[in-house]
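Here is how the chains run, residue by residue.
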Amino acid sequence: MKILVADDDPTSRLLLRGMVSKLGHECVVAEDGSSAWEVLASGGIDVLLTDWMMPGMDGPELCRRLRNEVGGGYIYIVLTTGLDHPEDVLEGMSAGADDYLTKPVDRFAVQTRLVAAERVTDLHRQLALTQDQLEQANLELLEQSLTDQLTGLGNRRRMDEDLDRVHARARRLGRTYGIAIFDIDYFKRYNDHYGHVAGDGALRDVASCIELIVRAGECAYRYGGEEFLVLMPDCGLGDAVSTAADRIRQSVLHAAIPHQARPSEPHLVTVSGGVSCWMPGSRLSAREVLEEADQALYDAKTDGRNRISAAPLGGGDSLHAIDALEGPDDQRALEVSGSGSPAHT
Amino acid sequence: MSTTTDPLDRSQIELLLSLDDGAGDALAEIVEEYRRLSWQGRDHLRHELRDGDHTALAHTAHSLKGASANLGAKDLAQVCAELEMHARQVELMGSDEFADADALMERFEAEFTRVQVALMLLVPEG
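Parameters at a glance
- Per chain, the residues get numbers from 1 upward, laid out in the order the sequence is written.
- Numbering of ligands from 1 and lettering of chains from A proceed in the order in which they are written.
- Given that this is a predicted model, residues contribute local features only at a pLDDT of at least 70 and side-chain atom pairs are listed and counted only at 80 or more, while totals for whole chains, interfaces and linings are drawn from all residues.
- As a convention, hydrogens and water are excluded, and side-chain values are obtained from all of the structure's heavy atoms.
- Each pair of strands is called paired provided DSSP finds at least two bridges between the two strands.
- Each helix corresponds to a stretch of at least 4 residues labelled H or I by DSSP, and each strand to a stretch of at least 2 residues labelled E; elements are numbered beginning at the N terminus.
- Axis lines are fitted through C-alpha atoms, for helices just across the contact stretch, and the angle between N-to-C directions can take any value from 0 to 180 degrees.
- When checking whether two residues touch, look at their non-hydrogen atoms; a contact exists if any pair is within 4.5 Å.
- Pairing of aromatic rings covers Phe, Tyr and Trp, the last counted by its six-membered ring, and requires centre-to-centre distances within 6.5 Å; plane angles under 30 degrees mean stacked, over 60 mean edge-to-face, and any other angle means tilted.
- For a ring to carry a charge above it, either NZ of a lysine or CZ of an arginine must fall within 6 Å of the ring centroid while also lying within 35 degrees of the normal to the ring plane.
- Burial status follows relative accessibility: with a 1.4 Å probe on protein chains alone, a residue under 20% of its type maximum counts as buried, one over 50% as exposed, and anything between as partly exposed.
- For a crossover, the right-handed case is the one in which the path from the first strand over the helix to the second runs clockwise, viewed with the strands pointing away from the viewer.
- Multiply 1.5 Å by the residue count of a helix minus one, and that product is the helix's expected span.
- Salt bridges are defined as contacts in which a side-chain nitrogen from Lys or Arg sits within 4 Å of a carboxyl oxygen from Asp or Glu.

(A) How the structure looks around the sheet that holds strand β4 (residues 76–81) of chain A. Residue and element names in this part refer to chain A. Pairing is parallel across the open sheet formed by 5 strands, whose spatial order is β2-β1-β3-β4-β5. In this open sheet, the two edge strands, each paired with only one partner strand, are β2 (26–30) and β5 (99–102). Ignoring which end each strand starts from, the neighbouring axes of this sheet average 20 degrees apart. Taken together, the 5 bridges between strand β1 (residues 2–6) and β2 define a ladder with parallel strand orientation. Paired with Lys2 across the two strands is Glu26, which belongs to β2. Lying on the sheet, helix α2 (residues 33–41) is in contact with β1, β2 and β3 (47–51); it crosses β1 at an angle near 165 degrees.

Shown next as structure tokens:
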């Protein structure tokens, strides 16, 4: 251990340093409270052996200051005292000393104090380590609680938190944001035909397709059983959100995941999507923007699926649906992108 | 007061010697440090007593007490303790000087001399 001896008497400094070094420890000396404090502040000290009475800062004061300092490892403090006033010892202990030694110092007494010092400082080091591990574990747990275990995307809870934050920010700074909700078409039939294990696989695949397209700053979530949501901050002008959503739709189609139980062409897994956005001046709440996207999704389904539908800006009666490319055009999309085998795990 | 007792407690000297396993350098260092501060301390005591500065006197006596004990000079440490106690009492009571001041100082001077002689035999001044 590294031990600091603080005493204004030179003979005491020499004696203690001699004893401490003989026991195999590293020793530093200080002649008063202030220089002791400087040494302590620079770190690395495990044990402080300090005299009671010193010019400037005395022993108890040094103890108090040391115990009030946050951070750094635990320093074991032993007060040396002439025992002129036994009640002083109690004051020293209350000030933060761990033990005391009477002067003139006995070598075995020093040795026993240092045994205890080693034990206590080890305990404190272990405690600090355990605390760090606990903090780390808590962080990981928190992350898990916000993640959908199957797909690795954010879960509904994370989505709610992020949406509130993005909405508040948009209102505060006069920005926009868009929401796209996707739902896998005929997913129940997929499960019935291929089984639930395959169904989980399809969910993971669709999640991957979405993640491929989603840009930095945007976030994808598993919104429900077979629903996904993408939140796009600063993306609400014109067709930006619809276009982005359509690229996601195409990505899923492009993955060419077979879906024999799909009642109509293509016999591949497809998604329908509903988009909405928020612009400065809108009186909609975040939840209402969400509802609009949901409604738009419903429209996409009823209009034939495998398409994106957009909610009217700022609310309104008429819907304008952006029809996705279908049939031969979709074939062209597949050919144009050129990759041979579909991204299908 | 007996003049046949050893002014230095040999077990304490043994301890000082053991610090460097009998090499004697550690002992010499401590003895020399003590010599320096004790002669100075004696001068301070004389002046403080003459000036009636009992606060300073108590402080000097206290320091000398501790250092003397470290060297095994138990009797000298005892005299210093008495000097300290009396000086503090004077401080508290507010009287100008304490009784027995001369007697105490006489004892101090005598014991001081014995200790310095013993130390000289132990570690010759060099």
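(B) Molecular detail of the packing of aromatic side chains. The tally for this structure, following the rule as stated, stands at 5 aromatic pairs over all chains. An angle of 90 degrees between the planes, with centres 5.1 Å apart, marks the rings of Trp39 of chain B and Phe112 of chain B as edge-to-face. Residue Trp39 of chain B is located in helix α2 (residues 25–51), and its partner Phe112 of chain B is located in helix α5 (residues 101–122); the two are separated by 73 residues in the primary sequence. Through pairs of rings, three or more aromatic residues link up here, namely Phe187, Tyr190 and Tyr194 of chain A. Arg156 of chain A extends its terminal NZ or CZ atom over the ring of Tyr223 of chain A, reaching a point 4.2 Å from the ring centre. Of note, Arg305 of chain A hangs over the ring of Tyr186 of chain A, and the distance from its end group to the ring centre comes to 4.3 Å.

(C) The pairing of β1 of chain A, seen in detail. All names here are of chain A. Of all the 5 residues making up β1, 4 are buried; the element is thus mostly covered by neighbouring parts of the structure. Crossover connection from β1 via helix α1 (residues 10–22) to parallel β2: handedness right-handed. Inspection of the sheet shows β1 paired to β3 by 4 bridges, in the parallel sense. Bridging from a neighbouring strand, Leu4 pairs with Leu48 of β3.

(D) Representation of helix α8 (residues 196–213) of chain A in the model. Residue and element names in this part refer to chain A. For α8, with 18 residues, the first-to-last C-alpha span of 26 Å sits near the 26 Å given by 1.5 Å per residue. Where α8 is concerned, the buried positions are Gly199, Gly201, Ala202, Leu203, Asp205, Val206, Ala207, Cys209 and Ile210. Contact partners of the buried residues in α8: β6 (177–184), α7 (187–194), β7 (219–222), β8 (227–233), α9 (240–254) and β9 (271–278).

(E) Representation of the pattern of salt bridges within the structure. All names here are of chain A. According to the stated counting rule, one finds 31 salt bridges over all chains in the structure shown. Linking Arg287 and Asp160 is a salt bridge whose minimum nitrogen-to-oxygen distance equals 3.5 Å. Placement of the pair is Arg287 in helix α10 (residues 286–302) and Asp160 in helix α6 (residues 156–173), with a sequence separation of 127 residues. For Arg287, a relative accessible area of 31% puts it in the partly exposed group. By relative accessible area, which is 26% here, Asp160 ends up partly exposed. Close ionic contact of Asp234 with Arg175 constitutes a salt bridge, the shortest N to O distance being 3.0 Å. Of this pair, Asp234 sits in the loop between β8 and α9 while Arg175 sits in the loop between α6 and β6, and the two are 59 residues apart along the sequence. By relative accessible area, which is 42% here, Asp234 ends up partly exposed. With a relative accessible area of 33%, Arg175 lands in the partly exposed category. Several salt bridges converge on common partners, so that one network encompasses Asp183, Asp185, Arg262 and Lys301.

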